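Tertiary structure, described
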Amino acid sequence: MTPEELRADIPACDDCVYLNTGASGPSPRHVVEATVDAQRSHEFDACRSDHYEAAAETKDAAREHIAEYLGCRPADVALVASTGDGISRIANAIEWSAGDRVVRTDLEHPSGVLPWRRLEEEGIEVVTVPCPDGRLPMDAYCEAVADARVVCLSSESWLHGTRLNVSEAVDIAHDAGALVVVDAVQTVGQHPIDVAEWGADAVCASGHKWLLGPWGAGFLYVDPDSIAEFRPRHIGYSGAVDPTGPDLEYKPEAARFEVSTSSVAPYAGLIAGLDTLEDIGFSTVESRIERLTDRLKAGLGDRLVSPQAYESGLVAFEVDDAEGFVAQASEGGVAVRDVPSGDVRASLHVFNTAADVDALLELL
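Residues numbered from 1 in each chain as written. Predicted model: local features only at pLDDT ≥ 70, side-chain atom pairs only at ≥ 80, totals over all residues. Heavy atoms only, no water.

Before going further, it helps to spend a moment on the overall build of the protein chain. Counting its regular elements, the protein chain contains twelve helices and twelve strands. Relative to its length of 364 residues, the protein chain is compact, with a C-alpha radius of gyration of 21 Å against a globular reference of 21 Å. When its C-alpha atoms are laid out on the principal axes, the protein chain stretches across 65 × 60 × 35 Å. Residues counted as buried form 54% of the 364 residues belonging to the protein chain. A fraction of 69% describes how many contacts in the protein chain between residues 6 or more apart in sequence connect residues 24 or more apart. For the protein chain, the exposed surface amounts to about 15,300 Å²; the carbon and sulfur share of it is 47%. With 27 positive and 63 negative side-chain charges, the protein chain shows a spacing of 3 Å between the two charge centroids. (Helix = DSSP H or I, 4+ residues; strand = E, 2+ residues; numbered from the N terminus. Rg over C-alpha atoms; globule rule 2.2 N^0.38 Å. Buried < 20%, exposed > 50% of the residue type's maximum accessible area, 1.4 Å probe, protein only. Contact = heavy atoms within 4.5 Å. Areas by Shrake-Rupley, 256 points an atom, 1.4 Å probe, with all protein chains shown as cover. Lys, Arg positive; Asp, Glu negative; His and termini not counted. Charge placed at Lys NZ, Arg CZ, Asp CG, Glu CD.)

The following block contains the structure:
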């Protein structure tokens, strides 16, 4: 598949300049069809055999696809609802003690903030590391993670589009004895990824942004060497070795984070989205995004907030009234969003075009 063929298969592009994939990607027709077909098959056909067996086949296929992309084993992948769901499950699977410390950056999405804020009510200390211009200051970071129990950071800033050196940050945290949880939702679908190279204890992401899948198809990677650190409080029969046995024994791999019945349809769509991007090729994805962001940044001039050099498809820029500009853009058929920094953020993916970029610039 070419980027042009992908664009032709995305209905959102028919009457809209869609530059908001960093919030939610527009699914292609064939991804939605795969999702619908899976739901129809599960409800109409699986009853002739076994609903649970049919669901397991789809979910196993999803884990295999996700694992191949992440560079891990299928057994290291748990299927969850979203990035935030994965982070929350990790936060609630640690045996905390009063005085334990969590370190996060000020780049985190609320999904990477709220689970730790809730733990503050139980005596857990939460330290926030300021990251000017979307960069992790290593001296301050090293000082903050000393004696920390957990570190939570994003592989890519949703506010700036900057990419963090995850493997270096993980090494520093591990040297201090901390577990590391990575929010990778702005990375998956934009770039190749190797969780083994990162070395994090857990990586959370979702398929509804850059992977162009449907909502509800989140995933959680857990390092097999770290699995014993996590005893989920959110538990059901899917996470137990013997759900009806006399003792509670968690499954020895990432499946301990799965609870019970959940929809199979979103994962059929996620498989289709992953296959689509693999077919296009991530070298093509990255090179096209780089060309488009270069064009946008050149047109933005002094308004540009994100780095001048290419790091991702997320480009933040200044306007006098971010909320008003987003509304004006929407009326003009251009989808962008404002972010808490007070800036506007455009997201450029492989299906976008130079004409899309120019349409946004004309509004400025």
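Right, picking up where we left off after that structure.
Within an α-helix, residues lying three or four positions from one another point in the same direction, as the helix has 3.6 residues per turn. With 19 residues, helix H10 (residues 282-300) extends 26 Å from end C-alpha to end C-alpha; this agrees with the ideal 27 Å at 1.5 Å per step. Of the positions making up H10, those classed as buried are Phe 282, Val 285, Glu 286, Arg 288, Ile 289, Leu 292, Thr 293, Leu 296, Lys 297 and Leu 300. Looking straight down H10, one finds its buried side chains confined to an arc of 165 degrees; they lie on one side. Of the exposed residues in H10, the ones pointing more than 90 degrees away from its buried face are Ser 283, Arg 291 and Ala 298. For H10, the secondary structure elements touched by its buried residues are helix H1 (3-8), helix H3 (51-70), helix H9 (265-280), strand S9 (314-317), strand S12 (344-347) and helix H12 (354-363). After H10 finishes, the residue Gly 301 shows a positive phi value of roughly 60 degrees. (Expected span 1.5 Å × (residues − 1). Arc of directions from axis to C-beta.)

The next subject is the layout of surface pockets. When its volume is computed, the largest pocket comes out at roughly 480 Å³. Of all elements in the fold, only helix H2 (29-45) and H3 reach the threshold of two or more residues within the lining of the largest pocket. When the residues that make up the lining of the largest pocket are grouped by side-chain class, the tally is eleven nonpolar, eight polar and seven charged. (1 Å grid on protein atoms, 1.4 Å probe; cavity = no way out; pocket = protein on both sides within 12 Å on 5 of 7 lines; lining within 4 Å. Points joined across faces, edges and corners; volume = space filled by probe spheres on them. Nonpolar A, V, L, I, M, F, W, Y, C, P; charged D, E, K, R; others polar.)

We now examine the packing of H10 against H12. Relative orientation of the contacting elements H10 and H12 amounts to 20 degrees, with a least axis distance of 9 Å. Relative to H12, H10 is oriented roughly parallel. Regarding H10 and H12, the two cross each other, and that crossing is right-handed. Contact residues: Leu 292, Arg 295, Leu 296, Gly 299 and Leu 300 in H10; Ala 354, Val 357, Asp 358, Leu 360 and Leu 361 in H12. (Axes fitted to C-alpha atoms, helices over the stretch in contact; angles between N-to-C directions. Parallel < 35°, antiparallel > 145°, perpendicular 65-115°, else oblique. Left-handed = near helix turned anticlockwise from the far one by under 90°.)

What follows covers the side chain of Arg 63. Locating Arg 63 in the fold gives a position in helix H3. We classify Arg 63 as buried; its relative accessible area is 13%.

This brings us to the nonpolar core. In this structure, Leu 70, Tyr 141, Val 151, Val 182 and Phe 219 are the most contacted members of the largest nonpolar core, which totals 58 residues. Looking at which element gives the most residues to this core, the answer is H9, with six residues. Among all residues touching Val 182, those that are not within four sequence positions of it are Leu 153, Ser 155, Val 166, Trp 198, Ala 200, Ala 202, Val 203 and Cys 204. Among the nonpolar cores identified, the runner-up in size contains 25 residues, and Val 80, Val 126, Val 150 and Phe 230 belong to it. (Core = buried A, V, L, I, M, F, W, Y, C linked by side-chain atoms within 4.5 Å.)

Before going further, it helps to examine the sheet that holds strand S2 (residues 77-80). Read across the sheet, seven strands follow the order S2-S8-S7-S6-S5-S3-S4 without closing on themselves; strand pairing throughout is mixed. Strands at the two margins of the open sheet, each flanked by one partner only, are S2 and strand S4 (125-129). This sheet shows a mean twist of 20 degrees between the axes of neighbouring strands, independent of strand direction. Pairing analysis gives three bridges linking strand S6 (residues 179-183) to strand S7 (residues 202-206), with the strands arranged parallel. Each bridged residue has a counterpart across the sheet, and for Val 181 the counterpart in S7 is Ala 202. (Pairing = 2+ DSSP bridges.)

Keep in mind that these numbers describe shape and distance, not what the molecule does.
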